[in-house]
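Coordinate inspection notes
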Amino acid sequence: MSVAEQYELVVGMEVHAQLNSQSKLFCGCALSFGEPPNTRTCPVCLGLPGVLPHLNREAFSKCLRIAVALGMQVPEVTDFDRKSYTYPDLPKNYQITQLYHPLGTGGELELMRSGKRIRFDNVHLEEDAGKLSHQGDGTSRVDFNRAGTPLAEIVTAPDFRSVEDVDDYMLTLTQLLKTLDVCHARMQEGNLRFEASVSVRKAGSQELGERTEIKNLNSYTAVCAAVTYEHLRQSALLAAGQTPRQETRLWDEAWEPSPADYEADVPAAVRAPYAAVAAGLPEGWRGRTRFMRSKEDAQDYRYMPEPDLPRIEVPAATVDAVRAALPELPGPRCARYREGGLSAREAEDLVVDAGLGDYVDALAAAGVPLGDAANYTRNLIGAVLNKQGLGSDAIPVPAAHLVELHELIASKALPKELVLKQVWPKVVSEGLAPKAVVAKHGIQAVDEAAVRAATDAAWEANPQAVADLRGGKQKARGAILGAVMRATKGQASPQAVNARIDELLK
Amino acid sequence: MSDWASATELAAQVRRGELRAADVAAAALARVANDPLHAFLRACPQRAHARAETVDAQVAAGEDPGPLAGVPIAIKDNLCTAGVETTAGSKLLAGFVPPYDAEVVRRVEAAGAIVVGKTNLDEFSMGSSTEHSAFGPTLNPWDPSRVPGGSSGGSAAAVAGGLVPLALGSDTGGSIRQPAALCGCVGLKPTYGAVSRRGLIAFGSSLDQVGPFARSVGDLAALLDALCGHDPADMTSEQPAWTGSFAEAAQGASLAGATLGVVRDYLELTLDPEVRASVEAAVSAAEAQGATVREVSLDHTALAIPAYQVLATAEASTNLARFDGVAYGVRAGAEGDAPVDAATLAPSTRRGFGPEVRRRILLGTFALSSGHYDAYYLKAQQARRVIRADFLAALDGVDALIGPTSPVPAFPLGEKLADPLAMYALDVFTVSTNLAGLPALSLPCGFTDAGLPIGVQLTGAPWSDLRLVALAAAWEQALGLDRRPGAQ
Amino acid sequence: MTGNADFDPRTPEGIAHVARLARLALTADEAQGLAAHMTALLESVEVLQELEPDRSSLVPSPLHELRDDRVTPSLPPERALANAPEQAGGGFVVPAVLSES
């Protein structure tokens, strides 16, 4: 049994989401990803002497939308603060952020998979720093393209109790940010940066243990792995009679488990025993957290109200308008699909691929039962998109056509297989509504007498199949059925053919 | 080699085609090149010639070259000038060439003025004597063994010494008004937010304002009309609440019916007796013109310098944090043989700060530090609110508060360097107006027996800048001072 | 937060701590002198302690005065780097940072 099972995991998450405005938070430079260094800078985002910040209204609005979507309290007046620390990628050696009066406090979010509600501490608006890259020759280079990019920092309460919940949160939040159109939410492009604060405690305890903040988490799997590892490391410490201390750590994804120098850089009193940790790691595990700094070495950020920016009023009417314009949130949407009878997996897929979800909703709104709507969308539309290399933002078949298709099937005017095999492909290729396709191509169900005749004819023409059937090989039906379908151009009903075969077998 | 032409006269002559801007610029540049006061840190002849050509071409083509057409102007070296070295008086910024112009530089050039050079200042505007410049002090035009005041000492001396008719300075705790008083010229700190700070190398962001120097209130007014006005890109600037122009306000102005307030608490402070006498005489002259004088009190005067110390240095400690040698600035070598590494890059670069700047950064850093923020910074903000409330109450029914700008006339170079606190005490009559965001003007009102200028200060309610200029114009006329410095 | 609230800037050690925060390098002599200066200074600002701290503040700005989200031209990279003490490969060169601060 892993030592981690003896201790309850407590996690809080911090996310930095790059807002998808056109320009930076305090200047008109375009946002960038991958451009040559220092090609998206100006005196303001370079932090040259004499510059002043000019606040981007769109970035402000997007952060406000996040606050409102999370059900947070929005203050009547919000303002900014300087957070001071020295680092080469921070142009002014202070970051303009919000400490005292952030755009939103409190709030909660319903998670997509579990339906659990997790609470928030705050969301606030701040500027991003530039990027430092190490050259391996004793120098580093600073690129300020990213400096000044607007960030929404979203901070949860320490409400997570499992890695699954953390994963659920990342999924839900990613979806939320895309749905709100505030962030592209592509972790690999740096749009989202997660930090986890992890502590552990004896099950049943109400007190929080000392927490470790983990940085350098560059993927969703890294987040989950880091939380898992920290749970183990801190549990091993507690089990050994020691107490974790408040630390900041970096995730090192390349580490292969080995006792060599394990935690050699921390005092023995807070060094987790390697054996206990290793025992809890699955086969093939990679990655560990590495000590970066402790509470004693923590920065004194010397927060000060930002004198270059006025306080900004956020009237209640503005907040109400933002709230009224909110789209359906991912948690409730996922729940709606589940309650409508879809599987958890299906529900999640339709939320994550919102274009498909919207399509399903359009079908359902027109009266198609949700289960059918989901099936049509996943199977029929899915195949079309696949074949044509399209995304769900460019579905080439209007929902109305699928609604009509469904009505054709439900009314049994034509056999289902006929509709799917004969009508549907032409709906796609000719862009016509199903009824129009039927009319144009004269598609009709073959009548009973014709089916019987065709079946009898196929019976005569396939003696081997008949012999196999009489010998008990049910698979041989297929040969007869295929022949009948070919003869009737697919318009025969398989049920009718099989019924006739049954009669012939007697 | 001085020139005492008035700016408004010069502009009128250039606009009428009687004078060529090119000639005016050349003459000014010659004076700058021969500057005996060390008012200037550098000239910008290329820029000046190019702008002058433009003005002359506009005049020739019958286009409007602007109300300050052809007038030479000096710019304090903490205002960014694109393509022209800007040092803020610091070794750390030696060789720094901004890629952009300060908004006020853009505005004065748009009005037709010709920037001829950058003037000396206390390093990063921290000082009251210009002795803290890394490039040597500026001398007082009335007595070259004395200071011109600071931090805008170079601009004040350039104007008062007849090198240029107009100059820009900045004022955080008195840095325009005090040198104006010590040099015998006119200077104004506008209402906070009236003039854009974009491109002003920041010292105390909530206190700094750019303002004009001139030899007459009429000239000052012309420059103010070019400077003032909302800059959307400076979010602390505002649309001024006044209507009309400064030029209009300065004409036909009168003291009759004006109510002037004398601050009882200031009278009780230590004051040079000649300063006291001169200001009292000036007040009598105002009364003779029909002004009424009443006594007012500012109960929290004792809080002003402490609050200013804490707030200005706190803001400065963050404003100056950017000087770390990464993207700009002179990277000094390390001490001894040690190579500069990541941990020492910033400290070694920041050895380029002079001792006064270092003192202020330390105090400001302390005031914001963990465990001390409430006791210092927050209290200072509270003091600020209380001081502003005092002023607004005192100004109720009063057109302007009046009193000496500086407790002493120009003092000898070196005299106050040993005691920083004594230097800070010189700001006693000026810092409150920065804390309260109010406009204040220093007007020459007399001389000591030794011939050193004395200035009287007018302080007004927020957005009463036009009224202050009007009162000052009338007072200037009533005082009828007519003297020029001999030390050329 | 940090457990650093127990330093006293009137002592050379305390001043040295503040200097570290401010990234200023002080010599031992300077630290002595500055500690003395701070002592005098802090005495002079003691009068502020009479006031009650008050976090209320000034007139706020409406949302419509914020900047339109429009892209404006950036500096050409040569101009961005024009004042760089050291540059290479389009970046500002600094001594390598060994660990994140």
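Residue indices follow the written sequence of each chain, beginning from 1 at its first position. By the order in which they are written, chains take letters starting at A while ligands take numbers starting at 1. Totals for whole chains, interfaces and linings use all residues, but because this is a predicted model, local features are given only for residues with pLDDT of at least 70 and pairs of side-chain atoms are given and counted only at 80 or more.

**Regarding the overall build of chain B**
Quick note on the threshold: Labels follow the DSSP assignment, with helices taken as runs of H or I lasting at least four residues and strands as runs of E lasting at least two, numbered in each case from the N terminus. Computation of the radius of gyration draws on C-alpha atoms alone. For the globule rule, the value is 2.2 Å times the number of residues to the power 0.38. As a rule, residues whose C-beta atom has 12 or fewer other C-beta atoms within 10 Å are exposed, those with 20 or more are buried, and those in between are partly exposed; C-beta atoms are placed from the backbone. For the purpose of contact definition, each residue receives a C-beta atom placed from its backbone, and two residues are in contact when these atoms lie within 7 Å.
Across its full length, chain B holds 17 helices and 11 strands. Computed over the C-alpha atoms, the radius of gyration of chain B is 21 Å, within 12% of the 23 Å expected from 2.2 N^0.38 for a compact globule of 488 residues. Principal-axis analysis of the C-alpha atoms places the extent of chain B at approximately 65 × 55 × 45 Å. Across the 488 residues in chain B, those meeting the buried criterion constitute 67%. Long-range pairs, those at least 24 residues apart, make up 77% of the contacts in chain B between residues at least 6 apart in sequence.

**Looking at the overall build of chain C**
When you go through chain C residue by residue, the secondary structure sums to three helices and two strands. Ordered by position from N to C terminus, the α and β elements of chain C give α-α-α-β-β. Across the 101 residues of chain C, 30% fall into the buried class.

**Description of the interface of chain C and chain A**
Just so we agree on the cut-off: Only strands that DSSP links by at least two bridges are regarded as paired with each other.
In this complex, chain C contributes 36 residues to the contact, which on the side of chain A involves 45 residues. Every element with two or more residues in the side of chain C that touches chain A is listed here: α3 (77-80) and β2 (91-95) of chain C. Ranked by residues supplied to the side of chain C that touches chain A, first place goes to β2(C) with five residues. Here four bridges tie strand β9 (residues 139-143) of chain A to β2(C), and the two strands are oriented antiparallel to one another. Looking at β2(C), one finds that A:Thr139 is bridged to C:Pro95.

**What to know about the environment of A:Glu256**
Residue and element names in this part refer to chain A. Within the secondary structure layout, Glu256 lies in the loop between β13 (247-252) and α5 (274-280). Look at Glu256 and you get exposed, because 9 C-beta atoms sit within 10 Å. Measuring from C-alpha to C-alpha, the distance between Glu256 and Trp285 comes to 7.0 Å, with 29 residues separating the pair along the chain.

**Side note on the pairing of β9(A)**
Residues and elements named next belong to chain A. With respect to burial, β9 is a largely interior element, four of its five residues being buried. Across four bridges, the pairing between strand β8 (residues 131-134) and β9 is antiparallel. Within the sheet, the bridge partner assigned to His134 lies in β9 and is Ser140. Counting the residues between successive antiparallel strands, the hairpin from β8 to β9 contains four residues, one of them, Gly136, with a positive phi of roughly 80°.

**A word on the packing of helix α7 (residues 330-339) of chain A against helix α8 (residues 344-352) of chain A**
Residues and elements named next belong to chain A. To keep it simple, the criterion reads: With axes taken as lines fitted to C-alpha atoms, and helix axes fitted only over the stretch in contact, angles between N-to-C directions fall between 0 and 180 degrees. In these notes the angle categories are as follows: under 35 degrees is roughly parallel, over 145 is roughly antiparallel, 65 to 115 is roughly perpendicular, and the rest is oblique. If you view the pair so one helix is near and one far, a crossing is left-handed when the near helix is turned anticlockwise from the far one by less than a right angle, and right-handed when it is turned clockwise. Throughout, the ten residues Ala, Val, Leu, Ile, Met, Phe, Trp, Tyr, Cys and Pro are labelled nonpolar, Asp, Glu, Lys and Arg are labelled charged, and all others, Gly among them, are labelled polar.
At a minimum axis separation of 8 Å, α7 and α8 run at an interaxial angle of 140°. Classed by the angle they form, the pair α7 and α8 counts as oblique. Taken as a pair, α7 and α8 cross one another with a handedness that is right-handed. Together, Pro330, Arg333, Cys334, Tyr337 and Arg338 of α7 and Ala344, Glu346, Ala347, Glu348, Leu350 and Val351 of α8 make up the contact between the two elements. Broken down by class, the residue content of the contact of α7 with α8 amounts to seven nonpolar, no polar and four charged.

**Structural notes on the interface of chain B and chain A**
The interface is formed by 33 residues belonging to chain B together with 25 residues belonging to chain A. For the side of chain B that touches chain A, the secondary structure elements donating two or more residues are α11 (301-319) and α13 (355-368) of chain B. Take the side of chain B that touches chain A: its biggest share by element is three residues, from α11(B). Residue composition of the side of chain B that touches chain A, by class: 19 nonpolar, eight polar and six charged.

**Description of the sheet that holds strand β3 (residues 81-84) of chain A**
Sheets are built from strands paired through backbone hydrogen bonds, the pairs being either parallel or antiparallel. Residues and elements named next belong to chain A. In space, the three strands of this open sheet follow the order β4-β3-β15, with antiparallel pairing throughout. Here the strands that pair on one side only, and so sit at the sheet edges, are β4 (94-97) and β15 (304-305). Examined bridge by bridge, β3 and β4 share four bridges and lie antiparallel to one another. Bridge assignment links Ser84 to a residue of β4, and that residue is Tyr94.

**Some remarks on the nonpolar core**
Generally speaking, a soluble globular protein has its nonpolar side chains buried in company with each other. Rules: Buried Ala, Val, Leu, Ile, Met, Phe, Trp, Tyr and Cys residues form a nonpolar core when they are connected through C-beta atoms within 7 Å. In this entry, domain limits derive from an automatic or database-based domain assignment.
Counting residues in each nonpolar core, the largest one holds 312 residues, and the members touching the most others are B:Ile73, B:Val116 and B:Val469. Among the elements that make up this core, the one with the highest residue count is α11(B) (10 residues). When residues of this core are assigned to domains, at least three fall in each of domain 1 (3-305) and domain 2 (330-441) of chain A. Setting aside anything within four residues of it in sequence, one finds B:Ile73 in contact with B:Val108, B:Ala113, B:Ile114, B:Val115, B:Val116, B:Val164, B:Leu166, B:Ala167 and B:Leu168. By size, the runner-up hydrophobic cluster in this structure holds 13 residues, among which are A:Ala458, A:Ile480, A:Val484 and A:Val497.

**Digging into the sheet that holds β8(A)**
With antiparallel pairing, four strands are arranged side by side in an open sheet as β8(A)-β9(A)-β2(C)-β1(C). At either end of the open sheet lies a strand with only one pairing partner, and these are β8 of chain A together with β1 (87-88) of chain C. Here two bridges tie β1(C) to β2(C), and the two strands are oriented antiparallel to one another. Within β2(C), the position partnered with C:Gln87 by the bridge is C:Phe92.

**Observations concerning helix α5 (residues 153-160) of chain B**
Residues and elements named next belong to chain B. Where burial is concerned, most of α5 is hidden: eight out of the eight residues are buried. When α5 is considered as a whole, its buried residues turn out to be Gly153, Gly154, Ser155, Ala156, Ala157, Ala158, Val159 and Ala160. The first or second residue beyond α5 is Gly162, which carries a positive phi of 75°.

**Focus: the confidence of the model for chain C**
Heads up, the rule is: Confidence of the predictor at the level of single residues is captured by pLDDT, which takes values from 0 to 100.
Mean pLDDT over chain C stands at 83; residues scoring 70 or higher make up 82%. No element of chain C has a lower mean pLDDT than helix α2 (residues 28-44) of chain C, at 86, and none a higher one than α3(C), at 97.

**Comments concerning helix α2 (residues 57-69) of chain A**
All names here are of chain A. Quick note on the threshold: A helix is expected to span 1.5 Å for every residue after the first.
The end-to-end C-alpha separation of α2 is 18 Å, in line with the 18 Å expected for 13 residues at 1.5 Å each. Within α2, 11 of the 13 residues are buried, which leaves the element mostly enclosed by the surrounding structure. Listing the buried residues of α2 in full gives Glu58, Ala59, Phe60, Lys62, Cys63, Leu64, Arg65, Ile66, Ala67, Val68 and Ala69. Lining the buried residues of α2 we find β5 (104-105), β7 (117-127), β10 (150-156), α3 (163-179) and α6 (316-324). Gly71, located one to two residues past α2, shows a positive phi value of around 65°.

**Side note on unusual backbone geometry**
The omega torsion across B:Gly150 and B:Ser151 is 10°, close enough to zero to call that bond cis. Within the fold, B:Ser151 resides in the loop between β3 (114-119) and α5. In this structure, A:Asp181 is a non-glycine residue whose phi angle is positive, near 55°. Structurally, the position occupied by A:Asp181 is in the loop between α3 and β11 (192-202). For A:Asp181, a count of 11 C-beta atoms within 10 Å corresponds to the exposed category. Although it is not a glycine, B:Thr130 sits at a positive phi angle of roughly 65°. Turning to its location among the elements, B:Thr130 is positioned in the loop between β3 and α5. For B:Thr130, a count of 34 C-beta atoms within 10 Å translates into the label buried.

**Here's the deal with the pairing of β13(A)**
All names here are of chain A. Bridge count for strand β12 (residues 212-217) against β13 is four bridges, and the pairing is parallel. Residue pairing across strands places Ile214 opposite Arg249, the latter belonging to β13. Pairing geometry for β13 and strand β14 (residues 288-294), over six bridges, is antiparallel. Its bridge partner lying in β14, Asp252 is registered against Arg288.

**Digging into the environment of A:Lys421**
Relative to the elements of secondary structure, A:Lys421 occurs in helix α12 (residues 416-430). In this structure the C-alpha to C-alpha distance between A:Lys421 and A:Lys387, which are 34 residues apart in sequence, comes to 16 Å.

**With respect to the environment of A:Leu19**
Residue and element names in this part refer to chain A. Among the structural elements, Leu19 can be located in the loop between β1 (7-18) and α1 (43-46). Between the C-alpha atoms of Leu19 and Thr149, which are 130 residues apart in sequence, the distance is 7.7 Å. For Leu19, the residues in contact, after removing those within four places along its chain, are Ala59, Lys62, Cys63, Pro150, Leu151, Ala152, Val182 and Cys183.

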